[in-house]
2 protein chains.
Amino acid sequence: MLEGIERVSPSDIERRSFEIISQMLGDRRFPPMHDNIIKRVIHTTADFEFADILSISAGAVESGMDALRAGSNVVSDTKMVWSGINKRVLGRYGGEAVCYMDDAAIASDAAARDVTRASLCMDRAAEDSRNAVYAIGNAPTALIRLCELISEGRAKPLLVVGVPVGFVNVVESKQLLKNAGVPYIISEGRKGGSNVAAAIINAILYMG
Amino acid sequence: MLEGIERVSPSDIERRSFEIISQMLGDRRFPPMHDNIIKRVIHTTADFEFADILSISAGAVESGMDALRAGSNVVSDTKMVWSGINKRVLGRYGGEAVCYMDDAAIASDAAARDVTRASLCMDRAAEDSRNAVYAIGNAPTALIRLCELISEGRAKPLLVVGVPVGFVNVVESKQLLKNAGVPYIISEGRKGGSNVAAAIINAILYMG
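Residues numbered from 1 in each chain as written. Chains lettered and ligands numbered in written order. Predicted model: local features only at pLDDT ≥ 70, side-chain atom pairs only at ≥ 80, totals over all residues. Heavy atoms only, no water.

A. Structural view of empty space enclosed by the protein. Scanning all chains against the criterion turns up 1 cavity of 30 Å³ or more. For the largest cavity, the calculated volume is near 120 Å³. As for the largest cavity, its lining consists of 14 residues, of which A:T45, A:D47, A:F50, B:T45 and B:D47 are closest to the centre. Put simply, the parts of the chain that give the lining of the largest cavity at least two residues each are α11 (194–207) of chain A together with α11 (194–207) of chain B. Partitioning the lining of the largest cavity into residue classes produces 4 nonpolar, 6 polar and 4 charged. (1 Å grid on protein atoms, 1.4 Å probe; cavity = no way out; pocket = protein on both sides within 12 Å on 5 of 7 lines; lining within 4 Å. Points joined across faces, edges and corners; volume = space filled by probe spheres on them. Helix = DSSP H or I, 4+ residues; strand = E, 2+ residues; numbered from the N terminus. Nonpolar A, V, L, I, M, F, W, Y, C, P; charged D, E, K, R; others polar.)

B. Highlighting the packing of aromatic side chains. Following the criterion strictly, the structure yields 2 aromatic pairs over all chains and no others. Ring centres of A:F48 and B:F167 lie 6.0 Å apart, and the angle between their planes is 90°; this geometry places the pair in the edge-to-face category. Of this pair, A:F48 sits in the loop between α2 (32–45) and α3 (50–53) while B:F167 sits in the loop between β5 (159–162) and α10 (170–178), each in a different chain. We classify A:F48 as partly exposed; its relative accessible area is 23%. With relative accessibility at 9%, the residue B:F167 sits in the buried group. Above the ring of B:W82, the side-chain terminus of B:K87 is found at 4.1 Å from the ring centroid. (Phe/Tyr/Trp six-rings, centres within 6.5 Å; stacked < 30°, edge-to-face > 60°. Buried < 20%, exposed > 50% of the residue type's maximum accessible area, 1.4 Å probe, protein only. Lys NZ or Arg CZ within 6 Å of the ring centre and 35° of its normal.)

C. Molecular detail of the UniProt feature "domain: Cobalamin biosynthesis precorrin-8X methylmutase CobH/CbiC" (unreviewed entry) in chain A. Under the UniProt annotation, the feature "domain: Cobalamin biosynthesis precorrin-8X methylmutase CobH/CbiC" (unreviewed entry) is placed at residues 12–207 of chain A. Taken as a whole, residues 12–207 of chain A contains 57% helix and 10% strand, while its terminal C-alpha atoms sit 19 Å from one another. (UniProt positions renumbered as here; feature names shortened; annotations may be inferred.)

D. Region of interest: α2(A). Residue and element names in this part refer to chain A. The end-to-end C-alpha distance of α2, which contains 14 residues, comes to 21 Å, matching closely the 20 Å that a straight helix rising 1.5 Å per residue would cover. Along α2, the residues that are buried comprise H34, I37, I38, K39, R40, V41, I42, H43, T44 and T45. Its buried side turned inward, α2 meets α1 (10–25), α3, β1 (54–56), α4 (60–69), β6 (184–187) and α11. (Expected span 1.5 Å × (residues − 1). Contact = heavy atoms within 4.5 Å.)

E. Structural detail: the sheet that holds strand β4 (residues 133–136) of chain B. All names here are of chain B. What the 6 strands build is an open sheet, ordered β1-β6-β5-β4-β2-β3; its pairing is mixed. What marks the edges here is a single partner per strand, and that holds for β1 (54–56) and β3 (97–98). Inspection of the sheet shows strand β2 (residues 74–76) paired to β3 by 2 bridges, in the parallel sense. Paired with V74 across the strands is A97, a residue of β3. Here α10 sits on the sheet and contacts β1, β5 and β6 (184–187); the angle it forms with β6, its principal contact strand, is near 160°. (Pairing = 2+ DSSP bridges. Axes fitted to C-alpha atoms, helices over the stretch in contact; angles between N-to-C directions.)

F. Representation of unusual backbone geometry in the model. Residue and element names in this part refer to chain B. Notably, A46 is not glycine yet its phi reads approximately 55°, a positive angle. If you trace the backbone, A46 turns up in the loop between α2 (32–45) and α3 (50–53). Residue A46 is classed as buried on the basis of its relative accessible area, which comes to 9%. The phi dihedral of D114 is positive, around 55°, even though this residue is not glycine. Topologically, D114 is positioned in the loop between α7 (104–113) and α8 (117–128). Owing to a relative accessible area of 33%, D114 belongs among the partly exposed residues under this scheme.

G. Seen up close, the sheet that holds strand β5 (residues 159–162) of chain A. Residue and element names in this part refer to chain A. Pairing within the open sheet is mixed, and its 6 strands lie in the order β1-β6-β5-β4-β2-β3. Single-partner strands in this sheet number two, and they are β1 and β3 (97–98). By the bridge criterion, 3 bridges tie β5 to β6 in an arrangement that is parallel. Directly across from G162, in β6, lies its bridge partner I186. In this fold α2 packs onto β1 and β6, with an angle of close to 155° to the strand it touches most, β1.

H. Here's a closer look at the pairing of β6(A). Residues and elements named next belong to chain A. With burial as the criterion, each face of β6 is covered, one bearing Y184 and I186 and the other bearing I185 and S187. The pairing of β1 with β6 spans 3 bridges and is classified as antiparallel. Bridge pairing in β6 places L54 opposite S187. In terms of handedness, the path from β5 via helix α10 (residues 170–178) over to β6 forms a crossover that is right-handed. (Right-handed = clockwise from strand over helix to strand, strands pointing away.)

Next comes the structure, spelled out in structure tokens:
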């Protein structure tokens, strides 16, 4: 039954995958600091369009690396992003992955105010710490709220990975982030996702 | 700053998203039981290629619905799939989302045997219950091992969502599943993901 299956040691699967991705990208070259991020996103999606749509502000990767090495927390908008982040490596630097989506007070407050839980999670994160790394993989409402908090001076992220996915205010939320004056990594257009957000954070962790 | 942002109530965001997806799909029509699955996967990825690559065996959705309504557990290969499954709705029917990736015994056993943790999680799940719904969103090694367990008669899943993503044995693992003689939903080719696996399970839960 296992005809056609190649026996690959677990520790080699990722290396082999990156070799295949590099081959498939052919002559394309990326800035050295972007290369691993782009390839890890392709690794997690098998979607080569990300080679074209990831947009990284000048110095954003460096800012994220410095922040994570200094023990910054990573705030996410979903438990899926939280699950995907390599918390062992993050914790080695002293940082934690933080997500407030299961917070009961936030859930009831969101219902009362007819806003999303994800947006209120950003308020809570900004109260905890003005500086953090943010990984927004799903909810444009979270990214919009974070941009408001930045413009009000209540948050000053060291990096925002802004890759919400979808059809309502997604493109607009990324445009807001590009104008927010903080280091960013976004996926242009509608694509993105919690898996993409986690992959970008992990790529930066593994560069450290 | 919020110019261009449309104010949409949280409860309307998903409905609006599905309307936009349906508009963008134009004249395309899918079998009624497949329609919600395809659209929810597009909703979670913004990747319309999934309209072409999702392959659903005859009666698979019905088998999954019956299983979940009867309280079947959903076994996943990653914590990200686990995080993405709507456990509130699943629990209403009596089922649980199950993932053994954090099990310390499995981790040490996998290291000793030079196999992936994900593949050993399938052995463990089959020991727990011969019948379950499986959601494999990341590891082809898990899907390959599950197909072995099926061929040995040790597992007889009521539905396998087989959407691992990537470059090593991914396409081959899906081919194995198609020949395994159990109800399946796969994504043809390299694409897939933990987000896709969770979206498919949720689509079926919401039909229930």
